[in-house]
Amino acid sequence: TCFEVPGQKPYCPRNYNGGYSGPVTVRHALANSLNIPAVKGLRIINLETFIDQARKMGISSWIDPSNYGLSLTLGGGEVRMIDMAQAFGVLANEGVRVPLTPILKIENYRGEVFEKLDIDERLDTLEYLTDYDDDSKQNDLERVMDRAPAYLASHIMQDNKARTPVFGARSSLVVPDQIVSAKTGTTNDLKDNWTVGFTPEFLVITWVGNNDNTPMNQYLVSGITGAAPIFNDIMSYVLEGREAIWQEKPSDVNSAPVCANGMPPDSANKNCQTRSTELYWQHSQASNSKIITKEVWIKASTGLPPKPGESEDDLQLQQKIIYTDPLTKEYCSDCARATNEEGKVVYERYNVSNEQSSTTND
């Protein structure tokens, strides 16, 4: 999938493994760190909305949206490690931003206390803001996103079954006998490798890289072999002997069978084959996403519809199942796609017009 803007080179991000997966759920995309769905999501909500939410969650280095492109969602903008911990802390605290406090108390040699953080008061405030899902602010704590999306993102990141296709069932993201949300990240050229993970009580973030900003050895470091083992060692130590706990599911998060496009099987998705039961926020629905059946012209040589403006003689009119979403107007889900010598599906490039782009990708 290439994102185009007039006067610039097309931005064609690749997934970490260099391949393409076709239509996938948000759960599969996030759990397996697929790059193209992340860029597509940013294109749909736009840079201004994305940066505004990121700043509310604690990312202080992104100021002017005009300085960035779609690669921002793949690491195309510098972020301080402490800011990243702050932002993921919002998810751990069910949408409430809790300021990082490195100094708990200041006193002199006489035992006179000049300043002290009241931990009990902060915990009471956090509990209050968690119970009431509104835009309230108490003391130095503030709700910056609704509980439901924070819970859903956290739930995906602790779903080991969902990330198994890429990371395996026994990766360093798994802490035995505990429930931990975790996410890896690798910038281009392997200059940075991140892992961040959290429970409702603890958050650990680790970074691996060279201090002179040179790339690391690509044969030794990947998204799961660099920072993840360090994260696992620290989190395992912190949680040793503790009971596994997790966030309480918000009352407005429900579950239902979903189609491959993430929508429920209804009149707009008559041809849907449900894949699984999925959690969803009852106040939110996907926009402009449908599964329809219609007759389309298919190229006999490729098994795919011709590209716009393409002249072709060997066309056949066939009835196909078509997926549509806000960016991909027509995706033939049951077309017989060509494969290469290794048996992998060969996807034709799909162009998406967009307003901002970048040549940097994850």
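These numbers come from a predicted model, not from an experiment.

A rise of 1.5 Å per residue sets the reference length of helix α4 (residues 81-92), with its 12 residues, at 16 Å; its end C-alpha atoms lie 16 Å apart and thus fit the reference within 8%. Of all 12 residues that make up α4, nine are buried, and the element is covered over most of its length. The complete set of buried residues in α4 reads Asp 83, Ala 85, Gln 86, Ala 87, Phe 88, Gly 89, Val 90, Leu 91 and Ala 92. Where α4 is buried, its residues meet α3 (47-57), β2 (96-97), α6 (147-157), β7 (181-186), β8 (193-198) and β9 (203-208). Glu 94 occupies a position one or two residues after α4 and carries a positive phi of about 55°.

Most of β7 is tucked away: six of the six residues are buried. Every second residue of β7 is oriented toward a common face, with Ser 181, Lys 183 and Gly 185 on one face and Ala 182, Thr 184 and Thr 186 on the other, all of them buried. Of the pairings in the sheet, the one linking β7 to β8 comprises six bridges and is antiparallel in character. Note on β8: the bridge partner recorded for Gly 185 is Trp 194.

For the structure on display, the rule yields three cavities of 30 Å³ or more. Along the walls of the largest cavity sit Leu 30, Ala 31, Ser 33, Ile 156, Met 157, Asp 159, Arg 163, Phe 167, Leu 173, Ala 182, Lys 183 and Thr 184, which together make up its complete lining. Within the residue set of the lining of the largest cavity, elements represented by two or more residues are α1 (26-31), α6, α7 (160-167) and β7. In terms of residues, the lining of the largest cavity owes the most to one element, β7, which gives three residues. The residue inventory of the lining of the largest cavity, partitioned by class, reads seven nonpolar, two polar and three charged.

With antiparallel pairing, the three strands of this open sheet are ordered in space as β12-β13-β14. Of all the strands in the sheet, just β12 (290-299) and β14 (331-332) have a single pairing partner and so form its edges. As defined by bridge partners, strand β13 (residues 315-324) adjoins β14 across two bridges and the pair is classed as antiparallel. Across the sheet, the residue bridging to Tyr 323 is Tyr 331, located in β14.

Another point: the nonpolar core. Nonpolar side chains in soluble globular proteins tend to be buried together. Residues Met 57, Trp 62, Leu 72, Leu 91 and Phe 198 are the most contacted members of the largest nonpolar core, which totals 37 residues. Once residues within four sequence positions are removed from consideration, Met 57 is found in contact with Gln 86, Ala 87, Val 90, Leu 91, Arg 97, Val 144 and Met 145.

Below, the discussion takes up the confidence of the model for the protein chain. Low pLDDT means the predicted atomic positions in that stretch should not be read closely. Per-residue confidence for the protein chain gives a mean pLDDT of 85; residues scoring 70 or more make up 87%. Across the protein chain, element-level confidence peaks in helix α8 (residues 228-239) with a mean pLDDT of 97 and bottoms out in strand β15 (residues 351-353) with 62. Across residues 354-362, where pLDDT falls below 50, the model places 39 contacts with residues more than four positions away in sequence or in other chains.

About the thresholds
Residues numbered from 1 in each chain as written. Predicted model: local features only at pLDDT ≥ 70, side-chain atom pairs only at ≥ 80, totals over all residues. Heavy atoms only, no water. Helix = DSSP H or I, 4+ residues; strand = E, 2+ residues; numbered from the N terminus. Expected span 1.5 Å × (residues − 1). Buried < 20%, exposed > 50% of the residue type's maximum accessible area, 1.4 Å probe, protein only. Contact = heavy atoms within 4.5 Å. Pairing = 2+ DSSP bridges. 1 Å grid on protein atoms, 1.4 Å probe; cavity = no way out; pocket = protein on both sides within 12 Å on 5 of 7 lines; lining within 4 Å. Points joined across faces, edges and corners; volume = space filled by probe spheres on them. Nonpolar A, V, L, I, M, F, W, Y, C, P; charged D, E, K, R; others polar. Core = buried A, V, L, I, M, F, W, Y, C linked by side-chain atoms within 4.5 Å. pLDDT = per-residue confidence, 0-100.

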